[in-house]
Amino acid sequence: MSGARVLLFLGLLPIGCGLPGIERFNRDAPVDVPRDTTILVDMAIDARADARPDARPDAAHDAWPDAPPDAPPDAPPDAPPDAPPDAPPGPCDLGSIALTVATLAGCNDFGEIDGPRVIARFWNPVNVMMMPSGIGYVADFDSSRIRRIDLAGTVTTIVSRADFQRPFGMTPTGDGTTFYAQTDSNDFGAHTTQTGTIWKIDPVAGTQTEIARNLGAPRGLVVLPDGRLVLSDHLHHVVGVLDAKTGDYQVIAGSLDEAGYVNDTGADARFDQPYDVVLVDADHLVVADKGNHVLRAVTISTGEVGDFAGNGISGNDDGPAALATFTTPQGLALAPDGTIYVSDPGSRLVRRIASGVVTTIAGDGAIGWIDTDAPLVAEFYGLEGVDVTADGKTLILADGNQGNGTPEHRVRIVHLDSPTIPAIPARRRDTDLARARAMTAAMIEGFARR
């Protein structure tokens, strides 16, 4: 089935609970261990030891493993004799938070410190989520914590427990005060490619409740109007729907463990590392198909899949959506006016999709960290999760280290109402514009009209 046919939406259909014959995850896979207090304590102690091999699992707590047990005899006489070995580091060297691209909190130093923006420390932040109240939350992957952050950069830890390990995906619930979060490990402490677990978090009450475990490896989460939860599974290459009340999960598009690039329906469609997801209307999703370098459109009720933006070639070309290129697009954010923002870590750029046109709005493509009033001179490193404030004026970005252990542990912001944000494509390609318009006509009809 062609992408054009898939994207020719002729009105909304009732949302179904799944498609007959679609594969389902074996949620009873043998990954659980007995829920024993001793085992949980042991797993908590060893939690960092089985972190990804390229992470720095114990660096924050064993910063000086080779230091002698006693201070040298010729230590300066005025040194405090009983200074704590893990005394807080000095303040981060941050510029003004009013810069068009600025650091909201964090710096090179990793850690688990709460406080004002210049004091707070993260440990590889991978995702961010803005609540309607204007309060944001950060999935701090290597510390296995959920952190609260406001627009002044003040950080507070709200989730830190032994059975909550490696958080990534987050999305608000329908009530706007609680939210769902995903962890790679389940609440028994098991960690495999199938132990993805969904939690409901009430930050006011301070409660975290396990909703469903052993759902594969979901990354993108979004709540449907009927309360069900869409999950995009980047390791198993599928998009599914979870009933948060019953725990029932069903794949609606893609086939388990079969990567590919096929526009079709249900199990006949193929993705390659589907990551973040946004709900553009009651029956239609946009999915960041990371491995294919494109954004895909999915109809929830039928499982139909087609292209939304990108031509499948790795690159950073702006222009009409069908001709633009991405390099491993990962995070998505939907603004109130229907604009979609994309974190494109492979090219170290922040992209915008509006009126069927892709525009780079921040980043120069180099690896690094530069805050500036000239957004196309800014530099990013990890550039994973992204979200936008309810007023559409501020973009929040998790700019960690992609798990490679480098000293990059920041949460960044982009002031979208700054006059220096590009209003037109920075590198628009006008050639073949008629062809591009024909290819994207269905997309514009179905998605840009809100």
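Residues numbered from 1 in each chain as written. Predicted model: local features only at pLDDT ≥ 70, side-chain atom pairs only at ≥ 80, totals over all residues. Heavy atoms only, no water.

Colleague: Would you explain unusual backbone geometry in this entry?
Modeller: Glycine aside, residues mostly have negative phi, and peptide bonds are mostly found in the trans state. We note that Arg166 has phi near 65°; this positive angle belongs to a residue other than glycine. Within the secondary structure, Arg166 is located in the loop between strand 5 (155-159) and strand 6 (167-172). The class of Arg166 is buried, set by a relative accessible area of 6%. Here the phi dihedral of Arg348 falls at roughly 60°; this positive angle occurs in a residue that is not glycine. Following the sequence through the fold, Arg348 ends up in the loop between strand 20 (340-344) and strand 21 (349-354). (Helix = DSSP H or I, 4+ residues; strand = E, 2+ residues; numbered from the N terminus. Buried < 20%, exposed > 50% of the residue type's maximum accessible area, 1.4 Å probe, protein only.)

Colleague: I'm lost on the packing of aromatic side chains in this one. Help?
Modeller: The relation between two aromatic rings is expressed through the spacing of the ring centres and the mutual angle of the planes. Following the criterion strictly, the structure yields four aromatic pairs and no others. A centroid spacing of 4.8 Å and a plane angle of 35° characterise the contact between Tyr137 and Phe179, whose relative ring orientation is tilted. Here Phe179 lies in strand 7 (residues 179-183) and Tyr137 lies in strand 3 (residues 136-140), a separation of 42 residues in the sequence. Residue classification places Tyr137 among the buried residues on the basis of a relative accessible area of 6%. You can call Phe179 buried: its relative accessible area is 0%. Measuring from centroid to centroid gives 5.9 Å for Phe168 and Tyr275, while their planes differ by 70°, and the two rings are edge-to-face. (Phe/Tyr/Trp six-rings, centres within 6.5 Å; stacked < 30°, edge-to-face > 60°.)

Colleague: Could you clarify how one ought to interpret the state of the cysteines in this entry?
Modeller: What we call a disulfide is simply a covalent bond connecting the sulfur atoms of a pair of cysteines. Enumeration over the complete set of coordinates arrives at one disulfide. In this model Cys92 forms its disulfide with Cys107; the gap between the sulfur atoms is 2.1 Å. When the S-S torsion is -55°, as for the bridge of Cys92 with Cys107, the disulfide is left-handed. One end of the pair, Cys92, is in the loop between helix 2 (37-46) and strand 1 (101-107); the other, Cys107, is in strand 1, and 15 residues separate them in sequence. Given a relative accessible area of 7%, Cys107 falls into the buried group. (Disulfide = S-S within 2.5 Å.)

Colleague: So what exactly am I meant to see when it comes to the pattern of salt bridges here?
Modeller: Pairing between side chains of opposite charge can happen when the charged atoms of each approach one another. Applying the stated criterion across every chain yields a total of 17 salt bridges. The partner of Asp114 in a salt bridge is Arg147, with the nearest N and O atoms 2.8 Å apart. One end of the pair, Asp114, is in the loop between strand 1 and strand 2 (125-130); the other, Arg147, is in strand 4 (residues 145-149), and 33 residues separate them in sequence. Taking the relative accessible area as the measure of exposure, Arg147 reaches 0% and is therefore buried. One salt bridge in this structure joins Asp318 and Arg351, with 2.8 Å as the shortest N-O distance. In this pair, Asp318 sits in the loop between strand 17 (305-309) and strand 18 (319-320) while Arg351 sits in strand 21, placing the two residues 33 residues apart along the sequence. Comparing Asp318 with Arg351 shows no difference in burial state: the two are buried. Ionic contacts of the salt-bridge type, sharing partners, join the residues Asp114, Asp140 and Arg147 into one network. (Salt bridge = Lys/Arg side-chain N within 4 Å of Asp/Glu carboxyl O.)

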